[in-house]
Amino acid sequence: MDIERIGGPFILAPLAGYTDKAFREIARELGADVAVTEMVSAEGLARNGEKTKTLLERFQGEDRLIIQIFAPSDDPVRRAMDNLLEYNPTVIDINCGCPVPKVVKTGAGSALMKNPEMIGKIIKAIKERTDIPISVKFRLGWDSSSINYIKFAETAAEAGAEMLTLHARTRAQGYSGTADKEAFKNLSDHFKGSGILLFGSGDVFTPEDALSMLNEEGLDGVMFARGAIGNPFIFRETKELIEKGSYTLPSIQERVSAATKHLDLMIRYYGESIACREMRKHLMAYIKGIAGSSRVKNELATANTRDDVITALSHLL
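All figures in this text were calculated on a predicted structure; none of them were measured in a lab. (Residues numbered from 1 in each chain as written. Predicted model: local features only at pLDDT ≥ 70, side-chain atom pairs only at ≥ 80, totals over all residues. Heavy atoms only, no water.)

With reference to specific residues and values, describe the overall build of the chain.
Across its full length, the chain holds 14 helices and nine strands. Relative to the 2.2 N^0.38 estimate, which gives 20 Å for 317 residues, the radius of gyration of the chain is 19 Å and therefore close to what a compact globule would have. The C-alpha extent of the chain, read off along each of the three principal axes, is 55 × 45 × 35 Å. Residue pairs at least 24 apart in sequence account for 68% of intrachain contacts in the chain once pairs closer than 6 positions are excluded. (Helix = DSSP H or I, 4+ residues; strand = E, 2+ residues; numbered from the N terminus. Rg over C-alpha atoms; globule rule 2.2 N^0.38 Å. Contact = heavy atoms within 4.5 Å.)

In structure tokens, the structure reads:
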């Protein structure tokens, strides 16, 4: 698959509780080529649940959108397809990496790493209904004694996946430790010349980290996850590094302006009360490391109105 079909090599990864349409809009404005929804339950989609529909809403002008689903088997995926296709995804991504216990205990997320045959069945169930490209996001394996990412990727590719994204940690690691860069290189070498797009995720906190994935590990693209929280500028910076050999960090004013715009989008989409509550985690990340931010964080933790947030942020300027 040609990378231009999805928009480019730099993607805002799916992050439960974070990558709603407001955050995706900010990321796209700052250089993300495409973004992924929060992970969506195939069962919830099949049942046409209201919460599920909210996760799939696009911001105005969001021309490309990767929809990520999770399921323990092909059955809910088959039942969800009619509703899924109504949202016209650019790519359908299957979550095989989430380590959260409530997801894993159902057999979904990273539990699928223990059941490679099932990912093949899920992909085939989608392929029966559409020619929309299919992506799979997966881990190294369940734990250090069951590293099977190459075999898992082979199974997904043989079933028809056109894009593979490796988060180079095991399920047992969660988000601890460090991502295994050698695994990225192994994946790249194994699928060289296959035409399958290969992406990496894990420990991408700087533009240099992203460039390493492309140049050293040989991947086609990068999914920015935790490194983009409070720092959507990382997309712009990465592109500047590639084009110019250097990049400019955002000023405090830029960070506050982006945080304010993010808040205003949240208010537009969800109302002031919900927006102020849900924005707290984003705001803490936007101002991390700025001199005097400790006091401001305390104010933001109890901010319930837009005016409260703006007053708190003004102390940084």
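Lay out helix α9 (residues 207–215) with the relevant residues and their values.
Taken residue by residue, α9 has Pro207, Ala210, Leu211, Ser212, Met213 and Leu214 as its buried positions. Residues of α9 that are buried in the fold lie against β1 (10–12), α8 (181–190), β8 (197–201), β9 (221–224) and α10 (233–244). (Buried < 20%, exposed > 50% of the residue type's maximum accessible area, 1.4 Å probe, protein only.)

Can you explain the packing of helix α11 (residues 252–270) against helix α12 (residues 272–286)? Please cite residues and give values.
Here α11 crosses α12 at 155°, and the two axes come no closer than 8 Å. Classed by the angle they form, the pair α11 and α12 counts as roughly antiparallel. Regarding α11 and α12, the two cross each other, and that crossing is right-handed. Between α11, through Arg255, Ala258, Ala259, His262, Leu263, Met266, Ile267 and Tyr270, and α12, the contact on the second element is made entirely by Glu272, Ile274, Ala275, Cys276, Glu278, Met279, His282, Leu283 and Tyr286. Grouping the constituent residues of the contact of α11 with α12 by class yields 12 nonpolar, two polar and three charged. (Axes fitted to C-alpha atoms, helices over the stretch in contact; angles between N-to-C directions. Parallel < 35°, antiparallel > 145°, perpendicular 65-115°, else oblique. Left-handed = near helix turned anticlockwise from the far one by under 90°. Nonpolar A, V, L, I, M, F, W, Y, C, P; charged D, E, K, R; others polar.)

With reference to specific residues and values, describe the nonpolar core.
The biggest cluster of nonpolar side chains holds 61 residues, and the ones touching the most others in it are Val136, Phe138 and Leu164. Those residues within four positions of Val136 in sequence are excluded, and the remaining contacts are Asp93, Ile94, Cys96, Ile119, Ile123, Phe152, Ala156, Ala161, Met163, Leu164 and Thr165. Grouped together as the second largest cluster of nonpolar side chains are 24 residues, Phe233, Val256, Ala258 and Ile290 included. (Core = buried A, V, L, I, M, F, W, Y, C linked by side-chain atoms within 4.5 Å.)

Quick rundown of the side chain of Asn95? Include the residues and the values.
Within the element layout of this structure, Asn95 appears in strand β5 (residues 91–96). A distance of 2.9 Å separates a polar atom in the side chain of Asn95 from the backbone nitrogen of Gly97. The residues touching Asn95, leaving out its near neighbours within four places in the chain, are Met39, Gln68, Ile69, Phe70, Gly109, Leu112 and Lys137. (Polar contact = N/O pair within 3.5 Å; in protein donor to acceptor, adjacent residues only side chain to side chain.)

Tell me what's going on with the packing of aromatic side chains, and back it up with residues and numbers.
Two measures describe an aromatic ring pair: the distance that separates the ring centres and the angle between the ring planes. Considering all chains together, one arrives at four aromatic pairs under this definition. Ring centres 6.1 Å apart and planes at 70° place the aromatic pair Tyr269 and Tyr270 in the edge-to-face group. Assessed through its relative accessible area of 23%, Tyr270 is described here as partly exposed. Put simply, the rings of Phe10, Phe224 and Phe235 pair up and form one aromatic cluster. Sitting over the face of the ring of Tyr269, Lys21 holds its NZ or CZ atom 4.3 Å from the ring centroid. (Phe/Tyr/Trp six-rings, centres within 6.5 Å; stacked < 30°, edge-to-face > 60°. Lys NZ or Arg CZ within 6 Å of the ring centre and 35° of its normal.)

Tell me what's going on with the environment of Ser110, and back it up with residues and numbers.
One can find Ser110 in the loop between α5 (101–104) and α6 (116–127). A C-alpha to C-alpha distance of 9.7 Å links Ser110 and Leu140, two positions 30 residues apart in sequence. Setting aside residues up to four positions removed in sequence, Ser110 forms contacts with Cys96, Gly97, Cys98, Pro99, Val104, Arg139, Trp142 and Arg171.

Which residues make up the packing of α12 against helix α14 (residues 306–314), and what values do they have?
The interhelical angle for the contact between α12 and α14, taken along N-to-C directions, is 30°, at an axis separation of 10 Å. Our classification of the angle between α12 and α14 gives roughly parallel. The segment α12 lies against α14, with Glu272, Cys276 and Leu283 engaging Arg306, Val309 and Leu313. Residues that form the contact of α12 with α14 fall into these classes: four nonpolar, no polar and two charged.

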